[in-house]
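Per-entry structural report
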Amino acid sequence: MNIDELKSVASAIVTGQKGILAADESGPTIKKRFDAIKLECSEESRRRYREILFTTEGVEPYLGGVILYDETLRQSGADGTPFAELLARRGILPGIKVDSGAKLLALHAGEKITEGLDGLRERLQEYQQLGAKFAKWRGVIEISEQGIPTLSAIQANAHALARYAALCQEAGIVPIVEPEVLMDGSHDIVRCEAVTSQVLEIVFAELDNQRVVFEGMLLKPNMVIAGMKCPQQAGVQQVAEATMRCLERHVPPAVSGIVFLSGGQSAQDATAHLNAMNLLGAHPWPVSFSYGRALQAPVLTTWKGQEQNVAEAQKTFLRRCRLNGLAHLGQYDS
Ligand code: 13P
């Protein structure tokens, strides 16, 4: 393992105003997104959509990386240039989602475990040859009233994340470690902070056990935020303060960067929260974004699957990238 190289890739992704576009929706997830705009989900419509994102002019200062799905990493732009190469030429690092999704955890009703460790060493070698510089694995933690999450579910997910991260570093690929505490549900922000704290503590203990080098990884956490069905929604400042307090207590300063998921927040909220966190002052790590829905939802509704809307959709995408780039610096003004 070349630690200096891992560290330099991890830092390059979040340098300056940069963050990540998460465009790694699995087949069923992208179908859901296309269903919402009444677009048929085919290999070609998925390719075309990703091409619209990846060829948008002017996003280079704001995107350090793009997370791809297996199918997308093997697809190319209209001129035959593989997407990974097309992005790399623009100085945007290609990454790859390597987990195979969250499945029901046996004997734990209502909880999930992310699978995909079998054969991962071999898959990582192939992904590296296809140009991937970093990877992503998402563990899912749900909060609900009946004693969920359980300690055993958190431990199982943390262990899988750590095994994945170790395999990535062995292969010279920067792991993005994503333990997502879901914002579905009616819990308040206090409960979210308590669960997120517990999850991060266990995740970093497992990462350490598996000898993962913190400098050569990025953390992709949820923000500390009230559940969507909670009657008391927290304000922007409260979310920013609770999230930074939680991360500063539980994330080692050696980690190369924090790249938040948006998790179902509106595009505007995700940008405002990121900005408020960066306005709180200097943090031990760069605090940036790795948004899926918060970058793409406005693009999809503008595009609607129609060629005549491509220019407008790309304008929308550039704008969201630029605003999140400003939020990374604490310079976004709604
Ligand atoms: P969202 O920003 O839509 O939560 O997606 C980020 C992601 O990569 C989830 O795994």
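Right above here is the structure, for reference.
Residues numbered from 1 in each chain as written. Predicted model: local features only at pLDDT ≥ 70, side-chain atom pairs only at ≥ 80, totals over all residues. Heavy atoms only, no water.

Considering the packing of helix α7 (residues 151-170) against helix α8 (residues 189-209)
The criterion, for reference: Helix axes are fitted to C-alpha atoms over the stretch in contact, other axes to C-alpha atoms as well, and angles between N-to-C directions run from 0 to 180 degrees. Here a helix means four or more residues in a row that DSSP labels H or I, a strand means two or more in a row labelled E, and each is numbered from the N terminus. Orientation labels follow simple angle bins: below 35 degrees gives roughly parallel, above 145 gives roughly antiparallel, 65 to 115 gives roughly perpendicular, and whatever is left gives oblique. Left-handed describes a crossing whose near helix is turned anticlockwise from the far helix through less than a right angle; right-handed describes the clockwise counterpart. We call two residues contacting when some pair of their heavy atoms lies within 4.5 Å.
The contact between α7 and α8 brings their axes to 8 Å, and the two run at 40 degrees. Relative to α8, α7 is oriented oblique. Taken as a pair, α7 and α8 cross one another with a handedness that is right-handed. Taken together, the residues of α8 that come into contact with α7 (itself represented by L151, I154, Q155, A158, H159, L161, A162 and A165) are Q198, V199, I202, V203, E206 and L207.

With respect to α8
So the rule is basically this: To estimate the expected span of a helix, count its residues, drop one, and scale the result by 1.5 Å.
With 21 residues, α8 should reach 30 Å at 1.5 Å per residue; the first-to-last C-alpha distance of 30 Å fits that figure. Just beyond α8, the residue with positive phi is R211, at close to 70 degrees.

With respect to the packing of aromatic side chains
To keep it simple, the criterion reads: Two rings belonging to Phe, Tyr or Trp (six-membered ring only in the last case) form a pair when the distance between their centres is within 6.5 Å. Interplanar angles under 30 degrees mark stacking, angles over 60 mark edge-to-face geometry, and anything in between is tilted. In this scheme, a residue with accessible area under 20% of its type's maximum is buried, one over 50% is exposed, and one in between is partly exposed, where area comes from a 1.4 Å probe on protein chains only.
Inspection of the entire model under this criterion finds seven aromatic pairs. Residues F54 and F83 carry aromatic rings whose centres are separated by 5.1 Å and whose planes lie at 90 degrees to one another, so their mutual orientation is edge-to-face. Note that F54 is positioned in helix α3 (residues 43-54) and F83 in helix α5 (residues 83-89), a separation of 29 residues in sequence. Using a relative accessible area of 0% as the deciding quantity, one classes F83 as buried. Aromatic pair F289 and Y291: ring centres 5.7 Å apart, planes at 40 degrees, arrangement tilted. For F289, a relative accessible area of 0% corresponds to the buried category. Its relative accessible area of 0% is what places Y291 among the buried residues.

Some thoughts on the nonpolar core
Inclusion rule: The term nonpolar core refers to a set of buried residues drawn from Ala, Val, Leu, Ile, Met, Phe, Trp, Tyr and Cys, joined through side-chain atoms within 4.5 Å.
In terms of nonpolar packing, the biggest core is built from 108 residues, with F54, Y164, L207, F260 and W303 touching the most fellow members. The contact partners of W303, leaving out residues within four places of it in the chain, are F34, I37, L39, S45, R48, Y49, I52, N309, V310 and A313.

Observations regarding unusual backbone geometry
What you tend to see is this: most non-glycine residues have negative phi, and most peptide bonds are trans. With an omega of 10 degrees, the peptide bond between I148 and P149 qualifies as cis. Within the fold, P149 resides in the loop between β6 (134-141) and α7. Even without a glycine there, the phi angle at L107 is positive, about 65 degrees. Looking at where L107 falls in the secondary structure, it is placed in the loop between β4 (102-104) and β5 (112-114). Notably, K304 is not glycine yet its phi reads approximately 55 degrees, a positive angle. Within the secondary structure, K304 sits in the loop between α11 (293-303) and α12 (310-329). Here K304 falls in the partly exposed class, since its relative accessible area comes to 46%.

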